[in-house]
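# Fold and geometry: a report
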Amino acid sequence: MTVTVLYFAALRDAAGCASEQLATPADLSTLYAGLRARHGFSFEARSLRVAVDGEFRDWSHALADGAEVAFIPPVSGG
Amino acid sequence: MTVTVLYFAALRDAAGCASEQLATPADLSTLYAGLRARHGFSFEARSLRVAVDGEFRDWSHALADGAEVAFIPPVSGG
Amino acid sequence: MARFRLADAPFDIPPLRARLESPRAGAIAVFEGRVRDHHAGRQVAGLRYEAYAALAEKEGEAVLAEACARFAIEDAACVHRAGELAIGEMAVWVGVAAAHRDAAFDACRWIIDEVKARVPIWKHERYADDAGAPAAWLHPLDAPPAGT
Amino acid sequence: MARFRLADAPFDIPPLRARLESPRAGAIAVFEGRVRDHHAGRQVAGLRYEAYAALAEKEGEAVLAEACARFAIEDAACVHRAGELAIGEMAVWVGVAAAHRDAAFDACRWIIDEVKARVPIWKHERYADDAGAPAAWLHPLDAPPAGT
């Protein structure tokens, strides 16, 4: 199964790219743990929210093939 | 002793004039009681504030000859 | 420059806001009171504000000076209309600039509440009811105000 | 019409305010967040907002729809900048129209708080310190926000 992961703000700086396509397990927590190890993300998963296909979702949300995933670091608009 | 009394809003409607000059006792409460009886003002003195020469004052403020007195009914700006 | 002003005619907002801008002002809170088409269940056709002008300007300035002392704000200003107003016209404008939004909101709210409670300005409403209710001065001790 | 909008360039306030005017709106409360020249003790030279645009617009609309359901208001709107901003530029504008001022103030405050907490927009600050502090993303869990 392949998903696209979008990176924003400090996660994008650490990843060195705005998005990447990955073969992935269906589990969002496992996906993030692997990306964190690879890119050296400082955020623990519990500091992040997660969005799938442009909607906020629980970490337990089941991924489908072709999904677009974004890990949302703490926001600072306003 | 003569003072000028200014009337606003419902007090002006009841007095039928915007101001009048009066010979007066030095006591604001006595002044208002007389005016209330004469003009039929509905407000009790404790519903009003009083200003003398363009400053809010206590009802115990001593009047000087030539003072300008205003009895201030409850306000409704905004 | 005076922070409080009585205006006998409609006034423009942009110059009021421009005055509040500064590099330290991260937050600007603004309140506008406008003439509604209804009040306390009656249909309002229009209204008139009368002020004891000299005292209103003095008391308005006092409210704004107290706000500047009481809250962590950079500046504040208020304009209140006098005279005849139609439905939808602006009756009062309050603007506050501050470094942070807490103080801006708190001061803005405090200023409009104090202006309504203390500044000698009176509202005279004309009604458009079928019942033909007579025009009336609003003196909130006889008839508790519904608030703007 | 969308109540929430991301703007890539400076935007004008008068059309935003005009949309809020109605005969039933006796109270309009407005909040503007502007770029300050300092943050958390550092001198700020400028900043950039990045948004996850599709989700930010969806979440911003959700905040405003919730505000309309939660408070007795007539309408509300919010615009948030994205991209590069200089000191003094407006970062966010919130406006609320209501019959009465309580609801207008409460909803305006609630909306800016929710937008800051929920909408996926991130601030990247550049500093002008002698010490040459590096530019930084603000992610408020590492560094609690000082508020706008």
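Residues numbered from 1 in each chain as written. Chains lettered and ligands numbered in written order. Predicted model: local features only at pLDDT ≥ 70, side-chain atom pairs only at ≥ 80, totals over all residues. Heavy atoms only, no water.

### What to know about the overall build of chain C
- Each helix and strand in chain C was counted, giving three helices and nine strands.
- Projected onto its principal axes, the C-alpha positions of chain C cover 55 × 25 × 25 Å.
- Relative to its 148 residues, chain C shows a buried fraction of 57%.
- The long-range fraction of contacts in chain C, counting pairs at least 24 apart against all pairs at least 6 apart in sequence, stands at 75%.
- Here chain C displays about 5800 Å² of accessible surface, and carbon together with sulfur accounts for 53% of that area.
- Here chain C holds 18 positive side-chain charges and 22 negative ones, and the gap between their average locations is 2 Å. (Helix = DSSP H or I, 4+ residues; strand = E, 2+ residues; numbered from the N terminus. Buried < 20%, exposed > 50% of the residue type's maximum accessible area, 1.4 Å probe, protein only. Contact = heavy atoms within 4.5 Å. Areas by Shrake-Rupley, 256 points an atom, 1.4 Å probe, with all protein chains shown as cover. Lys, Arg positive; Asp, Glu negative; His and termini not counted. Charge placed at Lys NZ, Arg CZ, Asp CG, Glu CD.)

### Some remarks on the sheet that holds strand β4 (residues 55–57) of chain B
- With respect to topology, five strands assemble into an open sheet ordered β2-β1-β5-β3-β4 (chain B), the strand pairing being mixed. With partners counted over all chains shown, the strands left at the sheet margins are β2 (19–23) and β4 of chain B, one partner each. Each neighbouring strand pair of the sheet contributes to a mean axis angle of 35°, computed without reference to strand direction.
- Across three bridges, strand β3 (residues 49–52) of chain B lies against β4(B) in antiparallel orientation. Within β4(B), the residue paired with B:A51 across the bridge is B:F56.
- On the sheet, helix α2 (residues 53–70) of chain C packs against β3, β4 and β5 (68–72) of chain B and is oriented at approximately 80° with respect to β4(B). (Pairing = 2+ DSSP bridges. Axes fitted to C-alpha atoms, helices over the stretch in contact; angles between N-to-C directions.)

### Remarks on the packing of helix α3 (residues 101–118) of chain C against helix α3 (residues 101–118) of chain D
- Two elements in contact, α3(C) and α3(D), have axes separated by 12 Å at closest approach and are oriented at 175°. By the angle between their directions, the pair α3(C) and α3(D) is classed as roughly antiparallel. Between α3(C) and α3(D), the residues in contact are C:R101, C:D102, C:F105, C:C108, C:R109, C:I112, C:D113 and C:K116 and D:R101, D:D102, D:F105, D:C108, D:R109, D:I112, D:D113 and D:K116, respectively.
- Each residue belonging to the contact of α3(C) with α3(D) can be placed in one class, and the counts come to six nonpolar, no polar and ten charged. (Parallel < 35°, antiparallel > 145°, perpendicular 65-115°, else oblique. Nonpolar A, V, L, I, M, F, W, Y, C, P; charged D, E, K, R; others polar.)

### Here we look at the side chain of C:E59
- Position of C:E59 among the secondary structure elements: in helix α2.
- Side chain to side chain, C:E59 and C:R118 meet in a polar contact 3.0 Å long.
- Ignoring any residue separated from it by four or fewer positions in sequence, one finds C:E59 in contact with B:R49, B:F56, C:R118, C:V119 and C:P120. (Polar contact = N/O pair within 3.5 Å; in protein donor to acceptor, adjacent residues only side chain to side chain.)

### Side note on the nonpolar core
- By size, the foremost hydrophobic cluster in this structure holds 68 residues, and its most contacted members are C:I73, C:V94, C:I111, D:I73, D:V94 and D:I111.
- Setting aside residues up to four positions removed in sequence, C:I73 forms contacts with C:A67, C:C68, C:V96, C:A97, C:A98, C:A103 and C:A107.
- Among the nonpolar cores identified, the runner-up in size contains 26 residues, and C:W93, D:F11, D:V30 and D:V79 belong to it. (Core = buried A, V, L, I, M, F, W, Y, C linked by side-chain atoms within 4.5 Å.)

### A word on the arrangement of the chains
- In this assembly three pairs of chains touch, with chains C and D having more contacts than any other pair.
- No interface is formed between chain A and chain B, the nearest pair of C-alpha atoms being 30 Å apart.
- At the C-alpha level, the nearest point of chain B lies 10 Å from chain D, with no contact between them.

### A short note on the pairing of strand β5 (residues 73–81) of chain C
Residues and elements named next belong to chain C.
- Counting buried residues in β5 gives eight out of nine residues, a clear majority hidden from the surface.
- In terms of strand pairing, strand β1 (residues 4–7) meets β5 through four bridges, oriented parallel. Paired with F4 across the two strands is C78, which belongs to β5.

### Here's the deal with the relation of the copies chain D and chain C
- When chain D is fitted onto chain C, the two copies agree to an RMSD of 0.0 Å after a turn of 180° and an axial shift of 0.0 Å. What the superposition gives is, in effect, a two-fold axis relating one chain to the other. When each C-alpha of chain D is compared by its distance to the rotation axis, D:V30 comes out closest, at 2.5 Å. (Least-squares fit on C-alpha atoms with pLDDT ≥ 70 in both.)

### A short note on the side chain of B:E20
- You can see B:E20 is positioned in strand β2.
- Sequence-distant contacts of B:E20, that is, excluding residues within four places in its chain, are made with B:V3, B:T4, B:V5, B:Y7, B:L35, B:R38 and B:H39.

### A few points about the packing of aromatic side chains
- Summed over the entire model, instances satisfying the criterion amount to 18 aromatic pairs over all chains.
- Centre to centre, the rings of A:Y32 and A:F71 are 5.0 Å apart; their planes meet at 55°, and the pair counts as tilted. Here A:Y32, found in helix α2 (residues 28–39), pairs with A:F71, found in strand β5 (residues 68–72); they are 39 residues apart in sequence, far enough to count as distant.
- For A:Y32, a relative accessible area of 2% gives the class buried.
- An angle of 15° between the planes, with centres 5.3 Å apart, marks the rings of C:F105 and D:F31 as stacked. Of this pair, C:F105 sits in helix α3 while D:F31 sits in strand β2 (residues 27–34), each in a different chain. Neither C:F105 nor D:F31 differs from the other in exposure class; each is buried.
- Members of the aromatic cluster, each reached through a chain of ring pairs, are A:Y7, A:Y32, A:F41, A:W59 and A:F71.
- Looking at C:R42, its charged tip hangs above the ring of C:Y127, at a distance of 4.6 Å from the centre. (Phe/Tyr/Trp six-rings, centres within 6.5 Å; stacked < 30°, edge-to-face > 60°. Lys NZ or Arg CZ within 6 Å of the ring centre and 35° of its normal.)

### Re the pattern of salt bridges
- Within the structure shown, the criterion is met by 40 salt bridges over all chains.
- Put simply, D:R17 and C:E32 hold a salt bridge, and the shortest N to O gap is 2.6 Å. Of the two residues, D:R17 is situated in helix α1 (residues 14–20) and C:E32 in strand β2 (residues 27–34); the pairing between them involves two chains. By the burial criterion, D:R17 is buried, and C:E32 matches it.
- Salt bridges here are not isolated pairs; linked through shared partners, they connect C:R17, C:E21, D:E32 and D:R34. (Salt bridge = Lys/Arg side-chain N within 4 Å of Asp/Glu carboxyl O.)

### Some words on the interface of chain D and chain C
- Taken together, the 33 residues of chain D in the interface contact 33 residues of chain C.
- Taken together, the two surfaces of chain D and chain C that pack against each other cover about 3000 Å², and 51% of this comes from carbon and sulfur.
- The tally of links between chain D and chain C comes to eight salt bridges.
- With a shortest N-O distance of 3.3 Å, C:E21 and D:R34 are connected by a salt bridge.
- Taken together, chain D and chain C are joined by 17 residue pairs in polar contact (both at pLDDT 80 or more). (Buried area = accessible area lost by both parts, 1.4 Å probe.)

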